[in-house]
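# Chains, contacts and geometry: an overview
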Amino acid sequence: MAEVEKEDWKYILINGKSKTIEVKDSEFDKGKLTNLSGIRPFNKKDAEGKDLEPSVELANSEKRKVYTAFFQKPFKNLVLLTGAGSSMDVKGLSMAQLWDEAVKEFKTDRVDGLSNIIEAVKFPNEKKDKKDIEALLSQVEGFVKFSEDSEIVFKDGKKKLSELKDLLFKLIQAKCTIPTPPNDAFPHKVLLEKVLQRKQTSPRVKVFTLNYDLLFEDAATAVNAIVIDGFSYTFPRTFSGRYFDYDIVQREGSKLKEEDNFVQRVFHLHKLHGSINWERIEETGSVVINEKPKKALMVYPREAKYEDSYEQPFFEMMARFQKNLRLNDDTLLVCIGYSFNDKHINAAIEEALNQNPGFRLAIIDPGFDNDVASKSLKTIKDAALQTERILMVSETFTDFANYFPEIKTYENPQQVTINLKNE
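Since the model is a prediction, treat every value here as computed from it, not as a measurement.

What follows covers the overall build of the protein. A count of helical and extended segments in the protein gives 14 helices and 18 strands. Taking 2.2 N^0.38 as the reference for a compact globule, 423 residues should give roughly 22 Å; the C-alpha atoms of the protein span a radius of gyration of 23 Å, in line with that estimate. Dimensions of the protein along its principal axes, counting C-alpha atoms only, are 85 × 75 × 40 Å. Here the protein holds 423 residues, and 51% of them are scored as buried.

Structure (structure tokens):
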């Protein structure tokens, strides 16, 4: 008997058993749906009662109708988590693209510098083919620490592996400096404008980002918002976790009012992996904001990044993330462009899903139903098919920001237990 060929259906939205949208034979370009041959469920008719043909426009319309209803409900605590996918929408680089930049930066007519590094640390071909710069940095670091800090031929003479590791770090720092996009192509600005329309007496919006760039700071400037980022408002701006406990109020004249008048357009920004404008002062150990640091304080992509996360100020940021997800009082976490490859982040989200009945999760990722999605993301997809507490949407950050709606009320959802598997 001939084997029946499996039809190619992919989810573009999941929000429980009864709210799913799938597309058949789908094609995407930079995260945007460009072609399909079918939609399910689908029974749309025109004004004359005739069946409509499935189309990309209708698929997007149905998808946005469902997630608009989800986000129109007024969640008391709104938490955003953004990963590399959000910056890639405004010309930020993926890890594979950072690899390509390293190839170009380290290559001359005579020397292929990155290939020499790969050969010196015996980097596996399969990881080289995947352009896994995180794995390469980990291998270089391990080689220096446990084997030898050998010299290799580089483009301007011989250099030690430890020096080349620092050059790779500087390259990442430079390439993560993203120019401010124009206002009509700036999703960070568009989304901030909408979420900061919440009543100023509501808990402040909490933004957590794994990116090093200054796009949220630039967006705050563009919408005239105030950022509480854990740094002092005196110079040099110095980090202390206590600044996250402060708020900004307006008081008329010199008399204290019975009720504080909270200023509008204030949000908290936590940069879980550091920033291109953070610097640690060696003499004091304090962390300050410096627009041109010699070495930016960042959790660089490598296996040791999990150890880095237990140092300050990263530990403080992570503790705040966990604390916000534990608030059993109507909390929504929206993950945008996060691939679910960081074990410590996944663990906090898993705990909230399993232990906090007042917690909901929304994932905005055009590739959430791809075969190459992380194991953790696939586990969440299985859970999303069982509970309306989890929403998964195939959407770019730019389109999501543009279609994100005003917010209203929602009922308590059912609880589901999941177990995230890390890569």
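So, on to the pattern of salt bridges. This structure, assessed with the given rule, holds 23 salt bridges. Ionic pairing is found between Glu48 and Lys50, a salt bridge with its closest N-O pair at 3.8 Å. For Glu48, a relative accessible area of 65% puts it in the exposed group. Where Glu193 meets Lys189, a salt bridge forms, and the shortest distance between an N and an O atom there is 3.3 Å. Taken together, the residues span about one helical turn, with Glu193 and Lys189 both in helix 8 (residues 187–195) at a distance of 4 residues. In the salt-bridge network here, residues are joined through shared partners; they are Lys32, Lys63, Arg64, Glu395 and Asp399.

Here the focus is the side chain of Lys10. One can find Lys10 in strand 1 (residues 9–14). For the buried Lys10, no salt bridge exists, and the shortest N-O distance to an oppositely charged side chain is 4.4 Å, to Asp371. Side-chain polar atoms of Lys10 contact the backbone oxygen of Asp369, separated by 3.3 Å. Sequence-distant contacts of Lys10, defined by excluding residues within four places in its chain, comprise Ile21, Glu22, Val23, Ser26, Asp369, Asn370 and Asp371.

To continue, consider the domain arrangement of the protein. Here the domain parsing of the protein yields domain 1 (9–43 + 53–64), domain 2 (72–92 + 180–403) and domain 3 (95–176). In this structure, domain 1 and domain 2 have C-alpha centres spaced 29 Å apart. Between domain 1 and domain 2, the residue contacts involve 17 residues of the former and 20 residues of the latter. For the pair domain 1 and domain 2, the summed buried surface comes to about 1,600 Å²; carbon and sulfur atoms form 49% of the total.

Taken residue by residue, a regular strand's side chains alternate between the two faces of the sheet. Counting buried residues along strand 1, 6 of its 6 residues qualify, which places the element largely inside the surrounding structure. As consecutive antiparallel partners, strand 1 and strand 2 (residues 20–24) are separated by 5 residues, and within that stretch Gly16 has a phi angle of approximately 95°, a positive value. As paired strands, strand 1 and strand 18 (residues 390–393) are joined by 2 bridges and run antiparallel to one another. What sits directly across from Leu13, in strand 18, is Val393.

The tally for this structure, following the rule as stated, stands at 18 aromatic pairs. Taking the centre distance of 5.9 Å and the plane angle of 45° together, the rings of Tyr67 and Phe400 count as tilted. Here Phe400 lies in helix 14 (residues 397–403) and Tyr67 lies in helix 1 (residues 56–71), a separation of 333 residues in the sequence. What makes Tyr67 buried here is its relative accessible area of 0%. By relative accessible area, which is 1% here, Phe400 ends up buried.

Criteria and thresholds
- Residues numbered from 1 in each chain as written.
- Predicted model: local features only at pLDDT ≥ 70, side-chain atom pairs only at ≥ 80, totals over all residues.
- Heavy atoms only, no water.
- Helix = DSSP H or I, 4+ residues; strand = E, 2+ residues; numbered from the N terminus.
- Rg over C-alpha atoms; globule rule 2.2 N^0.38 Å.
- Buried < 20%, exposed > 50% of the residue type's maximum accessible area, 1.4 Å probe, protein only.
- Salt bridge = Lys/Arg side-chain N within 4 Å of Asp/Glu carboxyl O.
- Lys, Arg positive; Asp, Glu negative; His and termini not counted.
- Polar contact = N/O pair within 3.5 Å; in protein donor to acceptor, adjacent residues only side chain to side chain.
- Contact = heavy atoms within 4.5 Å.
- Domains from an automatic or database assignment.
- Buried area = accessible area lost by both parts, 1.4 Å probe.
- Pairing = 2+ DSSP bridges.
- Phe/Tyr/Trp six-rings, centres within 6.5 Å; stacked < 30°, edge-to-face > 60°.

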